[in-house]
Amino acid sequence: MPSLFRRLTHQALEKVSFQGEILDLGGSKTSEYMQMVKKTAKSVTVLNIDSGTQPDIFADLEQSLPCADQSFDTVLAMNLFEHIYHYQQLLDESCRVLRPQGVFVMVVPFLFQIHPSPNDYFRYTRQTLLRLLPEHGFEEVEIREIGTGLC
């Protein structure tokens, strides 16, 4: 049975219309959310360092992405950035591979237990994301919080 956070994340994703060519950073072709993405996407390319995820592109997310500039309409990062120590480089790379008017969809946990995969480094607040994303080239930032916490 999926966790409450995962169920709430999937409910939020159902409201997103994924258009064009999608780059799924750190994803897996067998992830539950993939069916939601594929409903409206033209294509989905999975990039991951874990061969068990059946990636289309096998690559280290802490290095330059092996993708051409402006080659995707959407970059998707599902529960990924807490595992990336050099996250600023990955934000730059995510922006670089997006086409003009492209969309960056990022899901990050906040009140969630440490979950090494293989490591767990960060939690991001709304205030951090509102400052961080524009610093890395993202022009319009909209944050939709998932859940309301324990209180």
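First things first, this report covers the structure right here in the doc. (Residues numbered from 1 in each chain as written. Predicted model: local features only at pLDDT ≥ 70, side-chain atom pairs only at ≥ 80, totals over all residues. Heavy atoms only, no water.)

### What about helix α3 (residues 87–97)?
No. 1: Looking at α3, one finds that the buried residues are Tyr 87, Leu 90, Leu 91, Glu 93, Ser 94 and Val 97. Buried residues in α3, looked at end-on, bunch into an arc of 165 degrees, giving them a common side.
No. 2: Lining the buried residues of α3 we find β1 (21–25), β4 (72–78), β5 (98–107) and α4 (126–135). (Buried < 20%, exposed > 50% of the residue type's maximum accessible area, 1.4 Å probe, protein only. Helix = DSSP H or I, 4+ residues; strand = E, 2+ residues; numbered from the N terminus. Arc of directions from axis to C-beta. Contact = heavy atoms within 4.5 Å.)

### Some points on the packing of aromatic side chains
No. 1: Applying the stated criterion to the full structure yields 8 aromatic pairs.
No. 2: A centroid spacing of 6.1 Å and a plane angle of 85 degrees characterise the contact between Phe 81 and Phe 104, whose relative ring orientation is edge-to-face. In this pair, Phe 81 sits in the loop between β4 and α3 while Phe 104 sits in strand β5, placing the two residues 23 residues apart along the sequence. Each of the two residues, Phe 81 as well as Phe 104, counts as buried.
No. 3: An aromatic cluster of at least three residues, connected via ring pairs, comprises Tyr 85, Tyr 87, Tyr 121, Phe 122 and Tyr 124. (Phe/Tyr/Trp six-rings, centres within 6.5 Å; stacked < 30°, edge-to-face > 60°.)

### Observations regarding α4
No. 1: Within α4, the full set of buried residues consists of Leu 129, Leu 132 and Leu 133. In a view along the axis of α4, the buried residues occupy a sector of 95 degrees, so they form one face of it. Projecting away from the buried face of α4 at angles above 90 degrees are the exposed residues Gln 127, Arg 131 and Glu 135.
No. 2: Residues of α4 that are buried make contact with α3 and β5.
No. 3: Downstream of α4 by one or two residues, Gly 137 has phi in the positive range, about 100 degrees.

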